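Architecture and fold: a report
One letter stands for each residue in the lines below.
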Amino acid sequence: MSEEINLKAIERKAWTSYFDDGLWEFLFAALFLIGGVRSLADNEWYTLLLLVPVLILPVGKKLITVPRLGHVKFGSSRKLKQAKVIAILIVSVLTTLALLLLPDLGLSLPRSLVSPIVAGWIALVFGLIAHYTDFKRLFAYGLLYALTEVLWGQFGEPVGPIAQTISGIAILLVGIAVLMRFVRRYPLPAEATLNVQG
Amino acid sequence: MSKAKAGSKDDGNPLAEIDQVIHEPARLNIMAQLYVLESADFLFLMRQTGLTFGNLSSHLSKLDAVGYVNVKKEFVDKKPHTMLHLTEKGRAAFRKYARSMKQVFGNLV
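Residues numbered from 1 in each chain as written. Chains lettered and ligands numbered in written order. Predicted model: local features only at pLDDT ≥ 70, side-chain atom pairs only at ≥ 80, totals over all residues. Heavy atoms only, no water.

A look at the pairing of strand E2 (residues 69–76) of chain B
All names here are of chain B. Relative to strand E3 (residues 79–86), E2 runs antiparallel, the two being bridged by eight bridges. Bridge pairing in E3 links Glu74 to His81. In this antiparallel pair of consecutive strands, E2 and E3, the connection spans two residues, and Asp77 shows a positive phi of 55°. (Pairing = 2+ DSSP bridges. Helix = DSSP H or I, 4+ residues; strand = E, 2+ residues; numbered from the N terminus.)

Description of the confidence of the model for chain B
All names here are of chain B. On average, residues of chain B score 84 in pLDDT, and 84% of them are at 70 or above. The least confident element of chain B, judged by mean pLDDT, is E2 at 85; the most confident is helix H2 (residues 25–36) at 95. Across residues 1–10, where pLDDT falls below 50, the model places 18 contacts with residues more than four positions away in sequence or in other chains. (pLDDT = per-residue confidence, 0-100. Contact = heavy atoms within 4.5 Å.)

Remarks on the sheet that holds E3(B)
The strand order E1(A)-E1(B)-E3(B)-E2(B) describes an open sheet built from four strands, whose pairing is antiparallel. Lying at the two open borders of the sheet, with one neighbouring strand each, are strand E1 (72–74) of chain A together with E2 of chain B. Between one strand axis and the next, the sheet turns by 20° as a mean value, whatever way the strands run. Pairing analysis gives two bridges linking strand E1 (residues 37–41) of chain B to E3(B), with the strands arranged antiparallel. Note that in E3(B) the partner of B:Ala40 across the bridge is B:Leu84. Each of E1 of chain A together with E1 and E3 of chain B touches helix H3 (residues 42–49) of chain B; the most contacted strand, E1(B), lies at about 100° to it. (Axes fitted to C-alpha atoms, helices over the stretch in contact; angles between N-to-C directions.)

So, in structure tokens, the structure goes:
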């Protein structure tokens, strides 16, 4: 037995296999597209569509990922990383809400000034989450989101929303390709395998 | 039989201490997978190890027989499920195996 066993690599492969189902791409694509379309349509009711992305991950995992990949509970080191990700998400949501409330507090700033700050913040949040989740594509999506934010700040509408919509479409196409690869790599198992006694 | 001695234990040969149950490549793969996870079901292990249904079942039976793996049968969404995890004995055996292998190659290189 001469091969060195890299336990960290084994754990990372097990973890990332759970990410390679394209669902996260669908989530981000939905957020991008809804944000872009909402602005282009100039209709606040489109905000309700944000309920759709919320369902993508839990429903997708249940119907697509778990039946093909199986059930797993990850170890304590991965759970600690997940806790860090949740903390980052909570802070980012609260910060974003605070920024959205600024105009109501009479602290509105020109978008051209706010955009670079928001873009940097978004890139940082995505980067941290990418690091702790070992989900490398998230770096690219964070940079893409930051770029659309900068374009929005510099050129306003409709350039910003169009850029966001195009970004959403690009991520959606990646998601479809990733999902197709996932489905081919992990076909639905025979019923006998699911009911196996070890 | 959980250990087959390659040589006499008394002559200080580290090869003699290698756990032959774990030393088999497929079982080593299974043990390594379960070592880094809290638990996993049969399907997940099949996907990660690349073993066939029959192969995995056979090796898990051997690991279960020596007390390294615990097989827990439960229902998830009204469907029968088999979750597997390393026992404390299994984790200790895996760590000991890793130390033994390091010692073997440390002495050879």
